[in-house]
Amino acid sequence: MPATTRRPVALVLAACVAALTGAALPARAEPPADAVRNRYYYTVGRGHQGAPENLREIAERFLGDPQRAGEILELNAGRVQPDGGRLTNLGNLTPGWHLVLPWDAVGAEIQHGPLPVSGTRPSKCRWSTTVPGAASWGQSLLTPSGAWTVADGSGVKVAIVGSGVDGSAPGLAGRVLGGTDVAAGTGRGDDSCSGSGTALAGIVAGDDGAAGRTFGVAPGAKVIPVKAGITKPAPGLTATAIEVAASSGAGVLLVGATVDAANPRVSAAISEAIARDVVVVIPATAAVPAADGLLRVGAADRDGRPSDGAAADLLAPGAEVASIGRAGTGPEYAAAFVAGTIALVRSADPGLSAAQATRRVLDTVVEGVVAPVAAVTTRAAAEPAAVAAPAPPSSLGMLGTVLIGVAIGLTMLVTVLLVSYLWRRRSASVSPPGRTG
């Protein structure tokens, strides 16, 4: 029986059982391990039932629930389509676009397998297609792929405040959301060719596309670029960019620009981001005070030694490390490794607060250097087991306690009376005889 037939039959049977037994329909199962490789997709047509197609209608048709349109948007946002366009909202569909669908989608029009290879619009930026193999030492040292059987960053968004990101760069297609250009006051943040933002995004979530090698620590994460400028932005602009990033739905905020963290407005914006339960990752050179939910990262060389004297909470590779189209040096590159690690941790344990996620990472460093696999897999070492609250006493237990108390009281009373009686008898036996005249 074809897969597209088996799945609806199973759903119908489940619904029938639920109706007969009065039980609730089972929650949607987790996708199988090979769901990413064996993906389902739909090619947008010119219309459906006389109306233009949109994600809500597609979600209702193939998933049975229009409210799941957001899942389709999440799977496809930012991916370059055959005509060079990109999906940015629920309604801007163009005929011929290929939409990846959740693994449990059902329908005769659904296709199965890799997305069709088409003449997608190349990046307008000039990126080198080769990076020296030696520059991959940071990825080889940390081996984040060892954590991907547990979590790959899926479900976590990482906002990057800095120069902006080229969302069409090789290795980033489909992983970068539109973002915003705070420096210009309008526009997107995913169309930048300058600065280090694209390289940082590559370390967080990118793939170089060569022989399946992945530069990104958390390739399942989504990147939200917030463009604040190529050079050191003014404190007011920095604070605004951090505020925008913290409000974007990101679970991690990487400050990739050189900022004046001592400025009151910038410091307040960082504190507000942490208060929103966003982990803030910042180069240690920013000289920001330590705080729960904040990670100050120093750059380490190939020998694990810090490359500067800035006060850092931990280190990460930051000397000639590989990324999309380039190799880079500096604490911002090291911070990108840590931001990707936080994405892995928050993907594996979504219930962790920002402070708990930072503590997990700090508790699992190896000789001061971030360790993505340990941060994801050694949970018991990072958080002590919760102490169970004592169970309330039962009525029988309370009765037993009362009876024991009564018995102890009676025993004490009898003891006192017996001692008093014996004392009186002894006193009478030793009294002096009466005198006679």
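### Points about the overall build of the protein chain
Part 1 of the reasoning: Helix and strand counts for the protein chain come out as 12 helices and 12 strands.
Part 2 of the reasoning: When the 437 residues of the protein chain are sorted by exposure, 43% land in the buried category.
Part 3 of the reasoning: Counting only contacts in the protein chain whose residues sit at least 6 apart along the sequence, the fraction spanning at least 24 positions is 68%.
Part 4 of the reasoning: A total of about 21900 Å² of accessible surface is found on the protein chain, and carbon and sulfur atoms cover 60% of it.

### A word on helix α5 (residues 197–205)
Part 1 of the reasoning: For α5, a buried count of nine out of nine residues is recorded, marking the element as mostly surrounded by other parts of the structure.
Part 2 of the reasoning: For α5, the complete set of buried residues consists of Gly197, Thr198, Ala199, Leu200, Ala201, Gly202, Ile203, Val204 and Ala205.
Part 3 of the reasoning: Where α5 is buried, its residues contact β4 (157–162), β6 (222–227), β7 (252–255), β11 (321–323), β12 (326–328) and α8 (331–348).

### Comments concerning the nonpolar core
Part 1 of the reasoning: With 56 residues, the main nonpolar core has Val158, Val204, Leu254, Val281, Val297, Val338 and Val361 as its most contacted residues.
Part 2 of the reasoning: If you tally residues by element for this core, the top one is α8, at 12 residues.
Part 3 of the reasoning: Setting aside chain neighbours within four positions, we find valine 361 in contact with Leu295, Leu314, Thr341, Ile342, Val345, Val370 and Ala375.

### Quick notes on the packing of aromatic side chains
Part 1 of the reasoning: Applying the stated criterion across every chain yields a total of one aromatic pair.
Part 2 of the reasoning: A centroid spacing of 5.0 Å and a plane angle of 55 degrees characterise the contact between tyrosine 42 and phenylalanine 62, whose relative ring orientation is tilted. Highlighted residues: tyrosine 42 in strand β1 (residues 40–43) and phenylalanine 62 in helix α2 (residues 55–63), separated in sequence by 20 residues.
Part 3 of the reasoning: Judged by relative accessible area, phenylalanine 62 falls into the buried class, the value being 4%.

### Regarding the pairing of β1
Part 1 of the reasoning: Here β1 runs beside strand β2 (residues 98–101); their pairing, made up of four bridges, is antiparallel. Considered in β2, the bridge of tyrosine 42 is made with leucine 99.

### A word on the confidence of the model for the protein chain
Part 1 of the reasoning: Summary statistics for the protein chain give a mean pLDDT of 77 and a share of 71% for residues scoring 70 or more.
Part 2 of the reasoning: Overall, residues 1–29 carries pLDDT values under 50, and its contacts beyond four positions in sequence, including any with other chains, amount to 21 contacts.
Part 3 of the reasoning: Overall, residues 380–397 carries pLDDT values under 50, and its contacts beyond four positions in sequence, including any with other chains, amount to seven contacts.

### Things to note about helix α7 (residues 264–275)
Part 1 of the reasoning: The terminal C-alpha atoms of α7, which comprises 12 residues, lie 16 Å apart, in line with the 16 Å expected from a rise of 1.5 Å per residue.
Part 2 of the reasoning: Taken residue by residue, α7 has Val266, Ala269, Ile270, Ala273 and Ile274 as its buried positions. One face of α7 carries all of its buried residues, which in axial projection span an arc of 135 degrees. Structural note: α7 exposes Pro264 and Ala275 on the side pointing more than 90 degrees away from its buried face.
Part 3 of the reasoning: For α7, the secondary structure elements touched by its buried residues are α6 (235–246), β7, β8 (279–283) and β9 (294–300).
Part 4 of the reasoning: The opening residue of α7, the one whose side-chain oxygen lies 2.9 Å from the backbone nitrogen of arginine 265, is asparagine 263.
Part 5 of the reasoning: Two residues or fewer after α7 comes aspartate 277, characterised by a positive phi angle close to 70 degrees.

### Some words on the sheet that holds β4
Part 1 of the reasoning: Within the open sheet, the seven strands sit side by side as β5-β6-β4-β7-β8-β9-β10. Their pairing is parallel. Here the strands that pair on one side only, and so sit at the sheet edges, are β5 (180–181) and β10 (314–317).
Part 2 of the reasoning: By the bridge criterion, four bridges tie β4 to β7 in an arrangement that is parallel. Bridging across to β7, alanine 159 finds its partner in leucine 253.
Part 3 of the reasoning: Of the strands in this sheet, β7, β8 and β9 touch α7, which is tilted by about 145 degrees from β8.
Part 4 of the reasoning: Contacts from helix α9 (residues 354–363) reach β8, β9 and β10 within the one sheet, and its direction differs from that of β9 by about 30 degrees.

### Let's talk about the side chain of histidine 98
Part 1 of the reasoning: Along the chain, histidine 98 falls in strand β2.
Part 2 of the reasoning: Looking at histidine 98, its side chain comes within polar contact range of the side chain of threonine 43, at 3.0 Å.

### A short note on the sheet that holds β1
Part 1 of the reasoning: Strand order in the open sheet made by the three strands is β2-β1-β3, with antiparallel pairing throughout. Taken across any chain shown, the strands that pair with only one partner, and hence form the sheet edges, are β2 and β3 (111–112).
Part 2 of the reasoning: Across the sheet, α2 is in contact with β1 and β2; its angle to β2 comes to roughly 50 degrees.

### Here we look at the packing of α8 against α9
Part 1 of the reasoning: Relative orientation of the contacting elements α8 and α9 amounts to 115 degrees, with a least axis distance of 10 Å. The element α8 and its partner α9 pack so that their crossing is right-handed. Residues Thr341, Ile342, Val345 and Arg346 of α8 lie in contact with α9, whose contacting residues are Ala354, Ala357, Thr358, Arg360 and Val361.
Part 2 of the reasoning: The residue makeup of the contact of α8 with α9, split by class, is five nonpolar, two polar and two charged.

The rules behind the values
- Residues numbered from 1 in each chain as written.
- Predicted model: local features only at pLDDT ≥ 70, side-chain atom pairs only at ≥ 80, totals over all residues.
- Heavy atoms only, no water.
- Helix = DSSP H or I, 4+ residues; strand = E, 2+ residues; numbered from the N terminus.
- Buried < 20%, exposed > 50% of the residue type's maximum accessible area, 1.4 Å probe, protein only.
- Contact = heavy atoms within 4.5 Å.
- Areas by Shrake-Rupley, 256 points an atom, 1.4 Å probe, with all protein chains shown as cover.
- Core = buried A, V, L, I, M, F, W, Y, C linked by side-chain atoms within 4.5 Å.
- Phe/Tyr/Trp six-rings, centres within 6.5 Å; stacked < 30°, edge-to-face > 60°.
- Pairing = 2+ DSSP bridges.
- pLDDT = per-residue confidence, 0-100.
- Expected span 1.5 Å × (residues − 1).
- Arc of directions from axis to C-beta.
- Polar contact = N/O pair within 3.5 Å; in protein donor to acceptor, adjacent residues only side chain to side chain.
- Axes fitted to C-alpha atoms, helices over the stretch in contact; angles between N-to-C directions.
- Left-handed = near helix turned anticlockwise from the far one by under 90°.
- Nonpolar A, V, L, I, M, F, W, Y, C, P; charged D, E, K, R; others polar.

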